[in-house]
Amino acid sequence: MYPTLRTCLPHARCWDADSQRSYQDLFERLDTNKDGKVDVAELREGLKAMGIFRHGAAQKIVSSGDQNKDGCLDFSEFTKYLKEHEKKLWLTFKSLDRNNDGRIDAAEIQQCLAELGMDVSREDALKVLQSMDIDGTMMVDWNEWREHFLLYPAHNLEEIIRYWKHSSVLDIGDSLAIPDEFTEEEKSSGGWWKQLVAGAMAGAVSRTGTAPLDRMKVFMQVHSSKANRISLFGGFKQMIVEGGVASLWRGNGINVLKIAPETAIKFMAYEQYKKLLTSEGNKVETHKRFMAGSLAGATAQTAIYPMEVLKTRLTLRKTGQYAGMFDCAKTILRKEGVKAFYKGYIPNLLGIIPYAGIDLAVYETLKNTWLSYHTKDSANPGVLVLLGCGTVSSTCGQLASYPLALVRTRMQAKVVL
């Protein structure tokens, strides 16, 4: 699969005497400027040349092996990293090799993936093996396993199957998707919160960029009817005439503000529900993952739902109607009471189930379809494939839950009508 790596590592075994020479050959190939060091740019280009396109892999390898913190790896650091990484890969290989015959077959792949919540057919397991199999035996020995994953920074099975981690593609405010999975290493090292913060920041940018379209959607949901048809161009014209260009971003402030509590509550609730639904928290079957995700989404929505109502009211407000989000909240409380903050709550809650279910089902279908045709070349789908699968599955989920979203928005905005 990786011709350059195969040339450099001819039948090398973990901890053997030939590894030093193999490492030297590989290091020299990666050190393109011949300065005795391999930096992130050189490693990234080398990985691309070998057909390894995992985003962030080069940076992670350098960060893990860079002992003197100079931003690159000398031969000593490079060798030490590979030796340590091989040991971890060896332990993963042994955990997969259930019958201890020195080879991994399709049944062992199926069994291990099932324990991690991924149910695959024998045909799919064979295709996964085929992506690593060099000698055509449809079984993977240590050399083939080592060659396939040596320059991929994942070292345990959970991380290896995270090729297919399902992440949100575009966040416009209706965040009903099942939360992301985090490995035990990420949880213990604190890497999970960095990913959550990065996701929140990306969500803020995404929501701000799509805010005019989001306001138009709410505007049309509430005001459009058979008697009062509103076109996209006509709606934007009305909003700009009434409040200027800046009015297109009304309600965006609170839409961004609710990202942090919603993400944190959903993540914590998801972890707790997974523990409740299974005796082994890190081995969650697909249907239990769906249940945990739906319950976590419902919990998060319940906690932040008053902010959803405020967002709808602020999005639809006329110029001068409210001084800000706090004034809006006080006005609703004074005129309509506490119950007004939960208008549309039931249809919103019901919408989580079709959205999360269809989103997950479509994603899994697209994933398996891709694997059925392309795992011969690589188990890594690449960014564009993940983006496409996520976009299609999210769109299908949105279409299924949209009627309930329409009812919810109309109920939230009832006093405005």
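Data block above holds the structure.
Residues numbered from 1 in each chain as written. Predicted model: local features only at pLDDT ≥ 70, side-chain atom pairs only at ≥ 80, totals over all residues. Heavy atoms only, no water.

Describe the nonpolar core, listing the residues and the values that go with them.
Leu 26, Leu 30, Leu 43, Leu 47, Phe 78, Leu 82 and Leu 151 are the most contacted members of the largest nonpolar core, which has 19 residues in total. Aside from chain neighbours lying at most four places away, what touches Phe 78 is Tyr 23, Leu 26, Phe 27, Leu 30 and Leu 73. Counting 16 residues, the second-largest nonpolar core is a separate cluster that includes Leu 129, Val 140, Phe 149 and Tyr 152. (Core = buried A, V, L, I, M, F, W, Y, C linked by side-chain atoms within 4.5 Å. Buried < 20%, exposed > 50% of the residue type's maximum accessible area, 1.4 Å probe, protein only. Contact = heavy atoms within 4.5 Å.)

Could you give an account of helix 12 (residues 232-243), with specific residues and numbers?
The end-to-end C-alpha distance of helix 12 is 17 Å, a good match for the 16 Å that 12 residues give at a rise of 1.5 Å each. By the burial criterion, the buried members of helix 12 are Gly 235, Phe 236 and Met 239. Take helix 12 and look down its axis: the buried residues cluster within an arc of 95 degrees, on one side only. In helix 12, the exposed residues that point more than 90 degrees away from the buried face are Phe 233, Lys 237 and Val 241. Gly 244 sits one or two positions beyond helix 12 and adopts a positive phi of about 85 degrees. (Helix = DSSP H or I, 4+ residues; strand = E, 2+ residues; numbered from the N terminus. Expected span 1.5 Å × (residues − 1). Arc of directions from axis to C-beta.)

Could you give an account of helix 16 (residues 325-336), naming the residues involved and the relevant values?
Note that an α-helix has 3.6 residues per turn; residues three or four places apart therefore point the same way. A rise of 1.5 Å per residue sets the reference length of helix 16, with its 12 residues, at 16 Å; its end C-alpha atoms lie 16 Å apart and thus fit the reference within 8%. Those residues of helix 16 lying buried are Cys 328, Ala 329, Thr 331 and Ile 332. Considered in projection along helix 16, the buried side chains sweep an arc of 165 degrees and stay on one side of the axis. Across helix 16 from its buried face, at more than 90 degrees, point the exposed residues Phe 326, Lys 330 and Arg 334. Positive phi shows up at Gly 337, right after helix 16, with a value of about 85 degrees.

Tell me about a nonpolar patch on the surface, and please be specific about residues and values.
Together, Ile 240, Val 245 and Trp 249 line one region of the surface with nonpolar side chains, adding up to about 270 Å² of accessible area. On the secondary structure map, Trp 249 appears in the loop between helix 12 and helix 13 (252-257). (Patch = residues over 30% accessible without salt bridge, like charges linked within 9 Å, V, L, I, M, F, W, Y side chains within 5 Å. Areas by Shrake-Rupley, 256 points an atom, 1.4 Å probe, with all protein chains shown as cover. Salt bridge = Lys/Arg side-chain N within 4 Å of Asp/Glu carboxyl O.)

Now, about the packing of aromatic side chains: what can you tell me, with residues and values included?
Per the stated rule, a full pass over the model turns up 9 aromatic pairs. Here the aromatic rings of Phe 27 and Phe 75 are separated by 5.5 Å at their centres, their planes lie at 75 degrees, and the arrangement is edge-to-face. Pair noted here: Phe 27 is in helix 2 (residues 19-30) and Phe 75 is in helix 5 (residues 75-96), with a separation of 48 residues, a long-range link. Pairing Phe 93 with Trp 145 gives two aromatic rings, centres 6.2 Å apart and planes at 55 degrees, and the pair type is tilted. You can see Phe 93 sitting in helix 5 and its partner Trp 145 sitting in helix 8 (residues 142-149), a full 52 residues away along the chain. Take Phe 93: its relative accessible area is 2%, and that puts it in the buried class. (Phe/Tyr/Trp six-rings, centres within 6.5 Å; stacked < 30°, edge-to-face > 60°.)

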